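If you want the building blocks of each chain, they are given just below.
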Amino acid sequence: MKTKKHHFKKTFINILKVFLEFFKLGLISFGGGMAMVSMLEEELVEKKKWVKKDELVDMIAISESTPGPVAINMATYVGFNMAGVFGSIFATLGVVLPSFIIIFVISLFFEQFLSLTFVQYAFEGIQVAIVFIIFKAGINLLKNINKDPVAITTFILTMLIEIVITIFAFEFSSIYLILAGGIIGIIYYGLIKGRKLKKVKKKDEEK
C-alpha cells in the first residue's frame, strides 16, 4: 500500500514539475518553432537533464517531419517519459496555455493593442532577436549531428537548395527536403553503415 502511495505521489510530483516547466517555457519564449530550440536545450538538457542532447536532436527531426510544433511535440515526449500519459497531457497543456491566455486577452482589444506605438517598436526588436535565436539553435544542432561525409554533404546541399529557393522565390515545400534526408539516412545509415557494423562484430567474434 505504501509503495502504491509513494508511486502515486512521485507521479503527481513529476506531472506538476513538467506542467510548471513547460508553462514557464510557453510563457517566456518568443518566436515559437525553431526559436524555442535553444531554450529547450538550455532548460531540459543542461539544467533539468530530462533529455539527452542526442534525444533532443532526434525529437526535433521527428517534429520537423511530422505535424505539430516543436515545443508541443517535445512537451508530449518529455511529459510521457517523466509521468506517462498524464505527464504528456499536462506538459502539452502547460506549453500551450500561456499563448492561449495571452492571445485570448489580446483578441479582446486587438486593434487598440496593435495601434500602440511602443508595441510596434517592441515587435520590431523582437523580430531581430528571434533571427539570432533561430541561428543559435541551428548552430547547436549542427554541433550535435554526425560529422561523417554523407551528413556534411546532405547539409550543404540542403542549405544551397534552400538559398536558391529563397532567392528565386520558387514554390517548393521543405517537406521534400526532409523526406529526401530521411531516404538518404535509411539508405546510408540503415543499409551501408549497418552492414559495416555487422562485419566489424563478426570479426570481433572470430577473434
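Residues numbered from 1 in each chain as written. Predicted model: local features only at pLDDT ≥ 70, side-chain atom pairs only at ≥ 80, totals over all residues. Heavy atoms only, no water.

A. Structural detail: the overall build of the protein. Tallying secondary structure elements over the protein gives eight helices and zero strands in all. Reading the secondary structure of the protein in the N-to-C direction produces α-α-α-α-α-α-α-α. Considering the protein as a whole, with its 207 residues, one finds that 27% of them fall into the buried category. When contacts within the protein are restricted to residue pairs at least 6 apart in sequence, those whose partners lie at least 24 apart make up 58%. Carbon and sulfur atoms form 71% of the exposed surface of the protein, whose accessible area is close to 14,700 Å². (Helix = DSSP H or I, 4+ residues; strand = E, 2+ residues; numbered from the N terminus. Buried < 20%, exposed > 50% of the residue type's maximum accessible area, 1.4 Å probe, protein only. Contact = heavy atoms within 4.5 Å. Areas by Shrake-Rupley, 256 points an atom, 1.4 Å probe, with all protein chains shown as cover.)

B. Local environment of the packing of helix 2 (residues 37–47) against helix 6 (residues 117–144). It is the contact of helix 2 with helix 6, at a shortest axis distance of 8 Å, that shows an interaxial angle of 60 degrees. Comparing their axes, helix 6 and helix 2 come out oblique. Where helix 2 abuts helix 6, its residues Val37, Ser38 and Glu41 lie against Ile133, Lys136, Ala137, Asn140, Leu141 and Asn144. Counted by class, the contact of helix 2 with helix 6 contains four nonpolar, three polar and two charged residues. (Axes fitted to C-alpha atoms, helices over the stretch in contact; angles between N-to-C directions. Parallel < 35°, antiparallel > 145°, perpendicular 65-115°, else oblique. Nonpolar A, V, L, I, M, F, W, Y, C, P; charged D, E, K, R; others polar.)

C. Structural view of the packing of helix 2 against helix 4 (residues 70–108). One can describe the packing of helix 2 onto helix 4 by two numbers: an axis separation of 11 Å at closest approach and a directional angle of 20 degrees. For the element pair helix 2 / helix 4, the angle class is roughly parallel. The two elements helix 2 and helix 4 meet at a crossing, and its hand is right-handed. Where helix 2 approaches helix 4, its residues Val37, Leu40 and Leu44 are matched on the opposing element by Val70, Met74 and Val78. For the contact of helix 2 with helix 4, a count of residues per class yields six nonpolar, no polar and no charged. (Left-handed = near helix turned anticlockwise from the far one by under 90°.)

D. Quick look at the side chain of Glu43. With respect to the helices and strands, Glu43 occurs in helix 2. On the accessibility criterion, Glu43 (7% relative accessible area) is buried. Of note is the side chain of Glu43, whose polar atom sits 3.4 Å from the side chain of Lys47. In this view, Glu43 contacts Glu21, Lys24, Leu25 and Lys48; residues no more than four positions away in its chain are not counted. (Polar contact = N/O pair within 3.5 Å; in protein donor to acceptor, adjacent residues only side chain to side chain.)

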